[in-house]
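# Descriptive structure summary
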Amino acid sequence: MVSFYPGPSQVHEKVPKWVKSAYEEGILGANHRSSRFQHLMKSVYHELHTKLQIPNDYSIVFTSSATECWEIIAQSFIQETSFHLYNGAFGEKWHRYTKPLVGHAVGYEFDYQEPLDLDQIIIPEDIELLCITQNETSNATQISSERMAMLRSKYPDTLIAVDATSSMGGILLDFSQADIWFASVQKCFGLPAGMGILICSPSAAARAEEIHEYDHYNSWLFMRSHAENHQTHITPNVLDIYLLDQVLKDRKGISSIHSKTVERYEHWTSFWEKQPQVRSLIQSSEAQSFTVIGIEGEPESIKSYHKKAKDAGFWLGKGYGSWKKNTFRIANFPAISKEHIEALQEALRA
Ligand SMILES: *Cc1c(COP(=O)(O)O)cnc(C)c1O
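Residues numbered from 1 in each chain as written. Predicted model: local features only at pLDDT ≥ 70, side-chain atom pairs only at ≥ 80, totals over all residues. Heavy atoms only, no water.

## Side note on the site of the ligand
Taken together, 14 residues are adjacent to the ligand, and Thr67, Thr137, Asp163, Ser184 and Lys187 come closest. Backbone polar atom of Ala66 to an oxygen atom of the ligand: 3.3 Å apart, as the coordinates give it. Between the ligand and Thr67 there is a distance of 2.6 Å, counted from an oxygen atom to a side-chain nitrogen or oxygen. Out of a free accessible area of 390 Å², the ligand has 87% covered by protein chains. With three residues, helix α3 (residues 66-76) is the largest single contributor of residues to the shell around the ligand. Across the shell around the ligand, the residue classes tally to three nonpolar, nine polar and two charged. (Near = heavy atom within 4 Å. Polar contact = N/O pair within 3.5 Å; in protein donor to acceptor, adjacent residues only side chain to side chain. Areas by Shrake-Rupley, 256 points an atom, 1.4 Å probe, with all protein chains shown as cover. Helix = DSSP H or I, 4+ residues; strand = E, 2+ residues; numbered from the N terminus. Nonpolar A, V, L, I, M, F, W, Y, C, P; charged D, E, K, R; others polar.)

As structure tokens, this is what we get:
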């Protein structure tokens, strides 16, 4: 079976080969204080900076998941106040997880059918951190790069944190538009779950130094001090670090991945326009995610699409939460092959 779930998702077809080479090279049992491990860390940092166009002065640490990033951010980058802009389940969860950890976490929900309208929102001046989900996996929406730029220019002095869990590695992100970015590897990187990537700008780092929070094993300053030495604060997921290095080495730069993702997204859009019984869950094309496609219809049609897909050897992504019966989602992640997309479309075509 091939999975079109938007996370965990179909892993890259070369993962079995890379797992074997990791085993044979002996890196899996290498000590995380050893120079062999440090060499791997140097390489993966280099690949992330160059392939994803992450500015050189942004620092990167590895976490266990995107969820852990929510917690690290609450601990190390917020003293009192955060402001959470969201339109779906993941953004809402981020707010919910932050609330008990900081004095004042304010949530603001906006309409998922519309692009984020900043004129409607008043964000208080004294907010320490503005939190936003760039790609909301639950309802297949995204904040376009243009809107991200508008947010940055409207709040030039506020730190901005971005959940890009289901878009980083799949589309071009302009890292200068925000200060903290994070993702996990089981989405657009096409790798087995179990690792998150947390990226911070010099301004975010300066703020963390001011707060000076060292209370947890995963306090960001503590993690960064190890990362600067190409080590980690815990025995890490060496396999995922190794696989991330391999998948990035195997890939072209993010601009060309971005073009491919958008091209495939357009291809999917025109495919679904020709299917009479279903439609795009999100009406505004600006708000539609490039990497997660949401389709809506009567429960009967949704069921029949699931069945057609399954009979041909594919899993479609179920709708999120209460949308299980009347929607499904399709991952448009780089690791999915063109052949599998064509075969799935053939099976689904009405
Ligand atoms: C999947 C996802 C998460 C959670 O990722 P984990 O690695 O399971 O913690 C958070 N935010 C978004 C937008 C996601 O898609």
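## Some points on the packing of helix α10 (residues 299-311) against helix α11 (residues 338-348)
Their axes nearest at 9 Å, the elements α10 and α11 cross at an angle of 130°. It follows that α10 is oblique to α11 by the angle criterion. α10 and α11 meet at a crossing whose hand is right-handed. Counting all contacts with α10, which are made through Tyr305, Lys308 and Ala309, the residues of α11 involved are Leu344, Ala347 and Leu348. Across the contact of α10 with α11, the residue classes break down as five nonpolar, no polar and one charged. (Axes fitted to C-alpha atoms, helices over the stretch in contact; angles between N-to-C directions. Parallel < 35°, antiparallel > 145°, perpendicular 65-115°, else oblique. Left-handed = near helix turned anticlockwise from the far one by under 90°. Contact = heavy atoms within 4.5 Å.)

## Structural notes on the packing of aromatic side chains
In total, this model carries 17 aromatic pairs according to the counting rule given. Ring geometry for Trp268 against Trp272: centres 6.0 Å apart, planes inclined by 10°, an arrangement best described as stacked. Here Trp268 pairs with Trp272, and both are found in helix α9 (residues 254-273), just four residues apart, close to one helical turn. We classify Trp268 as buried; its relative accessible area is 0%. The lysine or arginine in question, Lys187, covers the ring of Phe90, its NZ or CZ lying 5.2 Å from the ring centre. It is Lys308 that lies over the ring of Tyr305; its NZ or CZ is 5.0 Å from the centre. (Phe/Tyr/Trp six-rings, centres within 6.5 Å; stacked < 30°, edge-to-face > 60°. Buried < 20%, exposed > 50% of the residue type's maximum accessible area, 1.4 Å probe, protein only. Lys NZ or Arg CZ within 6 Å of the ring centre and 35° of its normal.)

## Things to note about unusual backbone geometry
Note the cis peptide between Gly7 and Pro8, where omega equals -10°. Position of Pro8 among the secondary structure elements: in the loop between β1 (2-4) and α1 (15-25). Its identity as a non-glycine residue notwithstanding, Ala140 has a phi of 60°, on the positive side. As for its placement among the helices and strands, Ala140 is situated in the loop between β6 (135-136) and β7 (141-142).

## Some words on the pattern of salt bridges
When their charged atoms lie close together, side chains carrying opposite charge are able to pair. Tallying each qualifying case throughout the model produces 15 salt bridges. Taking the shortest distance from any N to any O, the salt bridge between Glu228 and Arg224 comes out at 3.7 Å. You can see Glu228 and its partner Arg224 sitting in helix α7 (residues 220-228), four residues apart, about one turn around the helix. The class for Arg224 is buried, based on a relative accessible area of 16%. If you follow the salt bridges from partner to partner, you end up with Glu128, Arg207 and Glu210 in one network. (Salt bridge = Lys/Arg side-chain N within 4 Å of Asp/Glu carboxyl O.)

## Remarks on the nonpolar core
Judged by nonpolar contacts, the single largest core of 83 residues is most densely connected at Phe62, Leu85, Met168, Trp181, Leu198, Trp220 and Leu244. For this core, the leading source of residues is helix α8 (residues 238-250), giving seven residues. When neighbours within four sequence positions are excluded, Phe62 is seen to be in contact with Met41, Val44, Tyr45, Leu48, Met195, Gly196, Ile197, Met223, His233, Ile241 and Leu244. Of all hydrophobic cores here, the second largest spans 25 residues; its members include Ala140, Tyr265, Ile295 and Phe328. (Core = buried A, V, L, I, M, F, W, Y, C linked by side-chain atoms within 4.5 Å.)

## Description of the sheet that holds strand β2 (residues 59-63)
What the seven strands build is an open sheet, ordered β2-β10-β9-β8-β5-β3-β4; its pairing is mixed. Strands with a single pairing partner mark the edges of an open sheet, and in this sheet they are β2 and β4 (104-109). The average angle at which neighbouring strand axes cross in this sheet is 20°, direction not considered. As judged from the five bridges shared by β2 and strand β10 (residues 196-200), these two strands associate in the antiparallel manner. Bridging from a neighbouring strand, Phe62 pairs with Ile197 of β10. Helix α6 (residues 202-211) rests against β8 (159-163), β9 (180-184) and β10 of the sheet, and its axis sits at about 110° to β8. (Pairing = 2+ DSSP bridges.)

## Topic: the sheet that holds β1
Hydrogen bonding along the main chain pairs the strands of a sheet, whether they run parallel or antiparallel. What the five strands build is an open sheet, ordered β1-β13-β14-β12-β11; its pairing is mixed. Across the chains shown, the open sheet's two edge strands, defined by having one partner strand only, are β1 and β11 (278-280). The average undirected angle you get between the axes of adjacent strands in this sheet is 35°. As paired strands, strand β13 (residues 314-318) and strand β14 (residues 327-331) are joined by two bridges and run antiparallel to one another. Bridge pairing in β14 places Lys318 opposite Phe328.

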